[in-house]
Amino acid sequence: MKSFMDQDFLLDTGVAQQLYHDIAADLPIIDYHSHLPPKEIADRKAWRNITELWLGGDHYKWRLMRSAGMDESLITGDADDEAKFNAFCSALPQAIGNPIYHWSHLELRRIFGIDTIINAKNASQLWTDINQKLAQMDSWSMLKQANVEIACTTDDPADDLLDHQRIANSALSTRVLPAFRPDKAMRINDAGFIDYLATLGQCSGVEIHSFKQLITALAKRIEFFHLQGARISDHAVDLALPHQVMSDAELEIVFQQRLAGQLLSSAAQSQYLFAILAQLAPHYAAHQWTMCLHIGAQRNNNQRQLIRLGADTGYDAISGMDVSLGLAHLLDTLDAQQCLPKTMLFCLNPNLNEVLSTLMGCYQDGSIAGKVQFGPAWWFNDHKEGNLQQFITLANHGVFGAFVGMVTDSRSFASYPRHDYFRRLLCRQVGAWVESGEYPHDEAALSQIIRGVCYDNAKKYFSL
């Protein structure tokens, strides 16, 4: 029986151990998609205790605790912080096989240097020991300790990016760059959409009374973001894209209906989503940005809790929507116009892995390795089997050595040990191919692959 999470955790072959310890373990991190709040970086945020750091906004842990039968008062409610921490420590041992079990222990060891099992028996001592160490830490020290070279945040087009400017003018060694996330402009049926257009219009200097003016305003903000270091856009594709699209005149009628206060059908919302992506992508291509499409989330499924707690509180799921024809039409339209930007397809539904990984091969053009990427295992797929499945699917249909690797997709500064989890699984899979005789034990070639996936490829691909 192996020891619990020892130095060779997840590394089940000699080759895997060699690749991890000699190459992957100490490489810097490029976190090209996160939800870290820039203000908390600019302010050098410190945490009052481990509950604020671990449970303050982590809907992964919230879902786990609810499933373990914990009352909401101990999760997002008014219980005191130590009681919430104790509740998490009581729930975690039940989550055998859940990646949060491994992540939490990796965080405990790598961030705090504490090698203790998290459970109810140890909760009181952990509360004291962790908080004592945490009192000497802040957001800067977290990034430095994790060896984060570059972190990209998620920023609204109307954001003034003043916090990013504060960070850029500070002594922080980690480069923190904005990423363009126009969700509020894309979600045309949201209650705040019309008010948001006024905000966007004010910051861009464009009064928005038409769809064309909306694109003009967003294009101006892309220019502004580019000057602040942005090289990536993020888009939630939560609706199936149409494979037959409206004319410009028809789309304008739809847009005017929404400005008049009318809610749109699902079909009209899909047409609008396609148009936004099709109109913004040429601007991304012109700036050599990467367009990231996060495909397959079904959000806010529990309306009672949405009203009570708001969005992003742990009530999202995987969508079963069909994406193939509409997505292909979008990519083909852009390719035909020679304005398809570098594109990443993040897949939340593992049943679509083969669909997206084969679709990406249709739009490679030799301009850069892996111009269209099959993104890393994301959100509900970010677990042991999900990562291994992503590796194998990408290898089956693409060039694995061109893969740009892992993202945290997290709001937590404590999440960076997930990169260690990813790297161990990466070395496990590559090691398995070597040990089985499917790839030679060519140390130079293997080093190039591991370094590339962990670090080198992302830096080159995103022009960072």
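Right, let's walk through the structure included here. This is a predicted model, so every value here is computed, not measured.

Section: the sheet that holds strand β9 (residues 372–374)
Across the sheet, which stays open at both edges, the four strands sit in the order β4-β5-β8-β9 with parallel pairing between neighbours. Every other strand in the sheet has two partners, leaving β4 (232–237) and β9 as the edge strands with one partner each. Neighbour-to-neighbour, the strand axes of the sheet open up by a mean angle of 20°, direction not taken into account. Relative to β9, strand β8 (residues 342–347) is paired through three bridges, and the arrangement is parallel. In the sheet register, T343 faces β9, and the bridge partner there is V372. Against the sheet, helix α14 (residues 266–286) makes contact with β4 and β5 (290–295), and its axis sits at roughly 170° relative to β4, the strand it touches most. Docked against the sheet, helix α16 (residues 324–336) engages β5 and β8, running at close to 170° with respect to β5.

Notes on the sheet that holds strand β3 (residues 175–177)
Ordered in space as β1-β2-β3, the three strands form an open sheet in which the pairing is parallel. Edge positions in the open sheet fall to β1 (29–31) and β3, since each of these has one partner strand only. With direction set aside, neighbouring strand axes in the sheet form an average angle of 5°. Pairing of strand β2 (residues 148–152) with β3, which is carried by three bridges, proceeds in the parallel orientation. Each bridged residue has a counterpart across the sheet, and for I150 the counterpart in β3 is R175.

What to know about the pairing of β5
Where burial is concerned, most of β5 is hidden: six out of the six residues are buried. Residue alternation in β5 divides its side chains into two sets, T290, C292 and H294 and M291, L293 and I295, and both sets are buried. As paired elements, β4 and β5 share six bridges and run parallel to each other. Each bridged residue has a counterpart across the sheet, and for I232 the counterpart in β5 is T290. Note: β5 against β8, six bridges, orientation parallel. Within β8, the residue paired with L293 across the bridge is L345.

Procedures and definitions
- Think of each chain on its own: its residues are numbered from 1, step by step along the sequence as written.
- In keeping with the predicted nature of the model, local features appear solely for residues at pLDDT of at least 70, side-chain atom pairs appear and are counted solely at 80 or more, and the whole-chain, interface and lining totals rest on all residues.
- Side-chain calculation: all heavy atoms of the structure are included, whereas hydrogens and water are not.
- Whether two strands pair depends on DSSP finding at least two bridges between them.
- Under the DSSP-based scheme used, a helix requires at least four consecutive residues in state H or I and a strand at least two consecutive residues in state E, with every element numbered from the N terminus.
- A fitted line through C-alpha atoms represents every axis, and for helices the fit uses only the stretch in contact; the resulting angles, taken between N-to-C directions, go from 0 to 180 degrees.
- What makes two residues a contact is simply this: any of their non-hydrogen atoms within 4.5 Å.
- Relative accessible area decides the class of each residue, using a 1.4 Å probe on protein chains only: under 20% of the type maximum gives buried, over 50% gives exposed, and in between gives partly exposed.

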